[in-house]
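Read off the chains here:
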Amino acid sequence: MTVLTVPMAETAVGVTRRTRVLRRLRRNPLAVVSFVVLALAAVIALLSPWIAPYSVDETDFARTLAPPGTAGHVLGTDDLGRDVLSRIMLGARASLQVGLLAVATSLVIGVPLGLAAGYFRAWDAVISRFTDLLLAFPFLIMAVGLAAIRGASLGNAAVAIGIAQIPGVIRVVRSDTLRLKSLDFVAAAVVDGASDLWVLTRHILPNATSVILVQATVAIPAAILGEAVLSFLGLGIQPPAPSLGTMLATAQQFAARAPWAAVFPGVVIMGLALAFNVFGDALRDALDPKGDRR
């Protein structure tokens, strides 16, 4: 009976905690709004190749720089007569792809290094000095340098941004690992003879998941902004593939004559980054175990 009861108790605790987190998120209006925005953006990005009104390369030289509201072009056209709405939809898809790939890259490398730095004292000195060295370079400067070395493409931009985000992930995971390492349940597992790998994978990592999730929601908007900067500088996604950053770079030449060509992509970038940041803050508050005491 005891063998069966322990897993059931652990499952009940997990379900209760999940229910509490979801309840806190539902009670936060900003969290609900930001989640709806992100879900809508994800659906549009996923279906954009099929629901976009026009092909991204389809031009209409008779309607170059057409204003918003032009028949057949809700958000107007650019300098080559291409539909702005269609290119924004495909550009948002590219931005989300880069954001997710960059964060995945930083987590795959940063989480194990952060766990090792926080748990093994001998490794901490080496990994922490490596992290300090990377943090000496500003995030965007490092991303631009890596993208320039590897070449301009969506994949290289994602890798460059992901590598630039690794130091932040290492520091966050290391800090939480140090906290968890000092708790009684970890000490009890060590006394029972559990191996270091077992303690890290079965005790510390599951309890650090909340911090990692919050870090990911904060890193994605930074990656989206980083992709926009790289594409704006010509080091990201290359034309004719649509990108919000390249749309801004092209539109700056016609800012006085057709400001909408720059405003709409800029609003989308700002909206995605703001939604991720707001949802990340709400998720951090919902996952905070001290919230029940407030």
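Residues numbered from 1 in each chain as written. Predicted model: local features only at pLDDT ≥ 70, side-chain atom pairs only at ≥ 80, totals over all residues. Heavy atoms only, no water.

Colleague: Before we move on, could you go through the overall build of the protein chain and cite the residues and values that matter?
Modeller: A tally of regular secondary structure across the protein chain gives ten helices and zero strands. The order of α-helices and β-strands along the protein chain, N terminus first, is α-α-α-α-α-α-α-α-α-α. Projected onto its principal axes, the C-alpha coordinates of the protein chain cover approximately 75 × 40 × 30 Å. Relative to its full complement of 294 residues, the protein chain shows a buried share of 41%. Sequence separation of at least 24 residues holds for 70% of the intrachain contacts in the protein chain that already meet a minimum separation of 6. Approximately 15,600 Å² of the protein chain is accessible, and the part contributed by carbon and sulfur atoms is 69%. (Helix = DSSP H or I, 4+ residues; strand = E, 2+ residues; numbered from the N terminus. Buried < 20%, exposed > 50% of the residue type's maximum accessible area, 1.4 Å probe, protein only. Contact = heavy atoms within 4.5 Å. Areas by Shrake-Rupley, 256 points an atom, 1.4 Å probe, with all protein chains shown as cover.)

Colleague: Which residues make up the confidence of the model for the protein chain, and what values go with them?
Modeller: Residues at a pLDDT of 70 or more form 93% of the protein chain, whose mean pLDDT is 84. This model gives residues 1–13 a pLDDT under 50, and the stretch forms zero contacts once residues within four places in sequence are excluded. (pLDDT = per-residue confidence, 0-100.)

Colleague: Residues and numbers for helix α9 (residues 244–251), please.
Modeller: With six of eight residues buried, α9 is to be regarded as a mostly interior element. Every buried residue belonging to α9 is among L244, G245, T246, M247, A249 and A251, and all of these are buried. Among the structural elements, α3 (84–119), α8 (196–232) and α10 (260–287) are those in contact with the buried residues of α9. The backbone nitrogen of G245 has a side-chain oxygen 3.3 Å away, supplied by the residue at the start of α9, namely S243. (Polar contact = N/O pair within 3.5 Å; in protein donor to acceptor, adjacent residues only side chain to side chain.)

Colleague: Please set out the UniProt feature "transmembrane region" (unreviewed entry) in the protein chain residue by residue, giving values where relevant.
Modeller: Under the local residue numbering, the UniProt record ascribes the feature "transmembrane region" (unreviewed entry) to residues 30–52, 98–120, 132–149, 155–173, 211–237 and 258–279. A helix fraction of 96% and a strand fraction of 0% characterise residues 98–120, whose end C-alpha atoms lie 33 Å from each other. Between the C-alpha atoms that bound residues 211–237 the distance is 31 Å, and the span itself is 81% helix and 0% strand. (UniProt positions renumbered as here; feature names shortened; annotations may be inferred.)

Colleague: Just give me the short version of unusual backbone geometry, but keep the residues and values in it.
Modeller: Positive phi is not limited to glycine here, since L65 has a value of about 55°. Counting through the fold element by element, L65 comes out in the loop between α2 (29–51) and α3. Here L65 falls in the buried class, since its relative accessible area comes to 8%.

Colleague: Could you give me a rundown of the packing of aromatic side chains, with the residues and numbers involved?
Modeller: Inspection of every chain in the model, using the stated rule, returns three aromatic pairs. Ring geometry for F35 versus F279: centroids 5.9 Å apart, planes at 35°, classification tilted. Residue F35 is located in helix α2, and its partner F279 is located in helix α10; the two are separated by 244 residues in the primary sequence. We classify F279 as buried; its relative accessible area is 15%. Relative to W123, the ring of F120 has its centre 5.3 Å away and its plane inclined at 40°; by these criteria the two rings are tilted. (Phe/Tyr/Trp six-rings, centres within 6.5 Å; stacked < 30°, edge-to-face > 60°.)

Colleague: Before we move on, could you go through the environment of M89 and cite the residues and values that matter?
Modeller: Looking at the element boundaries, M89 is found in helix α3. Residue classification places M89 among the buried positions, given a relative accessible area of 11%. Spatially, the C-alpha atom of M89 lies 6.9 Å from that of A52, the residues being 37 residues apart in sequence. When residues no more than four places from it in sequence are discounted, the contact partners of M89 are I44, S48, I51, A52 and P53.

Colleague: Which residues make up the packing of helix α5 (residues 139–150) against helix α6 (residues 154–181), and what are the values?
Modeller: For the pair α5 and α6, interaxial distance at closest approach is 8 Å and the crossing angle is 140°. Two packed elements cross with a definite hand, and for α5 against α6 that hand is right-handed. Counted together, F139, M142, A143, L146, A147 and R150 of α5 and N156, V159, A160, I161, I163, A164 and Q165 of α6 form the full contact between these two elements. (Axes fitted to C-alpha atoms, helices over the stretch in contact; angles between N-to-C directions. Left-handed = near helix turned anticlockwise from the far one by under 90°.)

Colleague: Pulling in residues and values, what's your account of the UniProt feature "domain: ABC transmembrane type-1" (unreviewed entry) in the protein chain?
Modeller: Those residues carrying the UniProt feature "domain: ABC transmembrane type-1" (unreviewed entry) are residues 92–280 in this numbering. Along residues 92–280 one finds 83% helix and 0% strand; the C-alpha atoms at either end are 19 Å apart.

Colleague: Describe a nonpolar patch on the surface, naming the residues involved and giving the relevant values.
Modeller: Residues L40, V43, I44, L46, L47, W50 and I51 make up a contiguous nonpolar surface patch of about 710 Å² in total accessible area. Within the fold, V43 resides in helix α2. A relative accessible area of 44% means that V43 is categorised as partly exposed. (Patch = residues over 30% accessible without salt bridge, like charges linked within 9 Å, V, L, I, M, F, W, Y side chains within 5 Å. Salt bridge = Lys/Arg side-chain N within 4 Å of Asp/Glu carboxyl O.)

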